[in-house]
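# Notes for the structure review
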Amino acid sequence: MTSIDVHALTKEYGARRAVDHATFRVLPGRVTGFLGPNGAGKSTTLRLLLGLDRPTSGTATIGGRPYTALPEPLRRVGALLDAGAAHGARTGRDHLRALAASNRLPARRVGEVLAETGLTPVAGHRVRTYSLGMRQRLGIAAALLGDPQVLILDEPSNGLDAEGIVWIRGLLRRLAGQGRTVLVSSHLMNETASFADHLVVLGRGRVLADTSLRAFIDAGVRPRVRVRTSDPAALRGALARHGLDAEEQAEGHWTVRGARVDDVGRLASESGVPLLELTAEEGTLEQAYLDLTAGEAEFAASSREA
Ligand code: ADP
């Protein structure tokens, strides 16, 4: 059983800290979603993990060793980083054959991974004729070639159509079910929630959450109430006296987080606040994720620095 260990990992590019003392573990037998807004440092972390870049400080190891120290790394770790990596003039099958030969992997694996990724019908076509989704499948086929215990996939759903997205969910679940260690980056919460057991959320290079998906939902998805009133000042005052806060929405209504309609209805009536509308709103997973990463997106980071 092989786990991934990232410890106090830091990477600076000039004055910019892309990864900032990140510490987390990725365990076997489950799919870990690696989430964060664009620019959060996900790809940098994965590159450091795969020895494609050197950390400024800290460590990233797989089964206790840096990737570059692993014997026969393709048999241990399968990675998908950049789907554009295959040579366009080669056929999909030849690309995988060359990869198998240069890494001393059995040639029979080529047929197996082509079948697993649904590429058998186009295996004899040149890669340059492949759609983005087909290239993505070819990248995943290459990652699976060495039958590795550990899989590290950067945004594997990119370019996949609806059928491809359903397929990749099934594949990720199957790989984890076989006891493999599966780390999958994405910037989409709902997409990640459809296949992950565990989440590591990154924001501006820092780990913001390292939790099971279940616990993330329980802690983050809070009830909300949508309310409209002709006297916003009175509403805010009544809510504030009960430790609640109302946020004005562009459409002219107010959102009260962490409250139920019964609470808001009762305290509005007690305080004589006229209500025009009172509705329960389901908190969403996407909202919980946005709340967590609010202000952590790259544009927010640069405007804060400016
Ligand atoms: P993510 O994968 O979460 O979108 P990245 O790891 O690609 O984030 O980027 C994290 C930050 O590091 C960004 O601000 C990005 O601009 C910066 N960065 C990434 N790679 C380099 C590089 N080679 N040189 C300079 N800055 C980089």
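Because the structure is a prediction, the values reported are computed rather than measured. (Residues numbered from 1 in each chain as written. Predicted model: local features only at pLDDT ≥ 70, side-chain atom pairs only at ≥ 80, totals over all residues. Heavy atoms only, no water.)

## Brief notes about the domain arrangement of the protein
Put simply, the test is: Each domain's limits were defined by an automated method or a database of domain assignments.
For the protein, the assigned domains read domain 1 (4-211) and domain 2 (222-282). Relative placement of domain 1 and domain 2: their C-alpha centres are 45 Å apart.

## Some details on the packing of aromatic side chains
Test applied: Between rings of Phe, Tyr and Trp, where Trp is taken as its six-membered ring, a pair exists when centres lie within 6.5 Å; planes separated by under 30 degrees are stacked, by over 60 edge-to-face, and by other angles tilted. We count a stretch as a helix when DSSP gives it H or I for four or more residues in a row; a strand needs E for two or more, and each element gets its number in order from the N terminus. With a 1.4 Å probe rolled over the protein chains alone, any residue whose accessible area is under 20% of its type maximum counts as buried; one over 50% counts as exposed, and the rest are partly exposed. We count a charge as sitting over a ring when the NZ of a lysine or the CZ of an arginine lies within 6 Å of the ring centre and within 35 degrees of the ring normal.
The full count for this structure, using the stated rule, is 1 aromatic pair. When the centroid spacing of 5.4 Å and the interplanar angle of 40° are considered together, the rings of Phe-24 and Phe-34 count as tilted. Of this pair, Phe-24 sits in strand β2 (residues 16-26) while Phe-34 sits in strand β3 (residues 30-35), and the two are 10 residues apart along the sequence. Take Phe-24 and Phe-34: they sit in the same class, and that class is buried. The ring centre of Trp-167 lies 4.5 Å from the NZ or CZ of Arg-137, which sits over that ring.

## Brief notes about the nonpolar core
Quick note on the threshold: The nonpolar core is taken to be a set of buried Ala, Val, Leu, Ile, Met, Phe, Trp, Tyr and Cys residues, with the residues joined through side-chain atoms within 4.5 Å. The criterion used for residue contact is that any of the two residues' heavy atoms lie within 4.5 Å.
Counting 45 residues, the largest nonpolar core has Leu-96, Leu-172, Met-189 and Leu-199 as its most contacted members. Among the elements that line this core, the one with the most residues is helix α6 (residues 162-177), at 7 residues. Apart from residues no more than four positions distant in its own chain, Leu-172 is found in contact with Val-31, Leu-153, Val-182, Val-184 and Phe-195. Core analysis: the second largest hydrophobic core is formed by 24 residues, Val-26, Tyr-67, Ile-152 and Val-200 among them.

## Some thoughts on the pattern of salt bridges
Worth spelling out the cut-off: Definition used for salt bridges: Asp or Glu carboxyl oxygen within 4 Å of a side-chain nitrogen of Lys or Arg.
Tallying each qualifying case throughout the model produces 24 salt bridges. Between Arg-47 and Asp-53 there is a salt bridge, with the nearest N and O atoms lying 4.0 Å from each other. Assessed through its relative accessible area of 28%, Arg-47 is described here as partly exposed. Accessibility expressed as a relative area gives 23% for Asp-53, which makes it partly exposed. Glu-277 is paired through a salt bridge with Arg-228; the nearest N and O atoms lie 2.9 Å apart. Residue Glu-277 is located in strand β13 (residues 275-281), and its partner Arg-228 is located in strand β10 (residues 224-229); the two are separated by 49 residues in the primary sequence. One salt-bridge network, in which partners are shared between bridges, spans Glu-12, Arg-17, Asp-20 and Arg-206.

## Considerations on the environment of Leu-199
Following the sequence through the fold, Leu-199 ends up in strand β8 (residues 198-203). A relative accessible area of 0% means that Leu-199 is categorised as buried. Ignoring sequence-local partners within four residues, the contact set of Leu-199 consists of Gly-33, Leu-35, Met-189, Thr-192, Ala-209, Asp-210, Thr-211, Leu-213 and Phe-216.

## What to know about the confidence of the model for the protein
Put simply, the test is: Predictor confidence is given residue by residue as pLDDT, running from a minimum of 0 to a maximum of 100.
For the protein, the average pLDDT comes to 91, and 95% of its residues sit at 70 or higher. Note that residues 298-306 has pLDDT below 50 and, in this model, 9 contacts with residues that lie over four places away or in other chains.

## Observations regarding the environment of Phe-195
Residue position: Phe-195 is located in the loop between α7 (189-193) and β8. A residue is classified by how much of its surface remains accessible, and Phe-195, at 2% relative accessible area, is buried. Separated by 162 residues in sequence, Phe-195 and Gly-33 place their C-alpha atoms 8.1 Å apart. The residues touching Phe-195, leaving out its near neighbours within four places in the chain, are Val-31, Arg-169, Leu-172, Arg-173 and Val-184.

## A look at α6
This is how it is decided: For a helix, the expected span equals 1.5 Å multiplied by the number of residues minus one. Directions pointing from the helix axis toward each C-beta atom define the arc.
With 16 residues, α6 extends 23 Å between its outermost C-alpha atoms, agreeing within 8% with the 22 Å of an ideal straight helix rising 1.5 Å per residue. Among the residues making up α6, those that are buried are Gly-164, Ile-165, Trp-167, Ile-168, Leu-171, Leu-172, Leu-175 and Ala-176. Buried residues along α6 cover an arc of 165° about the axis, so they all sit on one side. For α6, the exposed residues set more than 90 degrees away from the buried face come down to Ala-162, Glu-163, Val-166 and Gly-177. Contacts made by the buried residues of α6 are with β3, α4 (108-116), α5 (132-144), β6 (150-154), β7 (181-186) and α7. Looking one or two residues past α6, Gly-179 carries a phi angle of roughly 90°, positive in sign.

## What to know about unusual backbone geometry
In this model, Arg-104 sits at a positive phi of 55°, which is unusual for a non-glycine residue. Looking at where Arg-104 falls in the secondary structure, it is placed in the loop between α3 (92-102) and α4. Residue Arg-104 is classed as exposed on the basis of its relative accessible area of 61%. In this structure, Glu-155 takes a positive phi of about 45° despite not being glycine.

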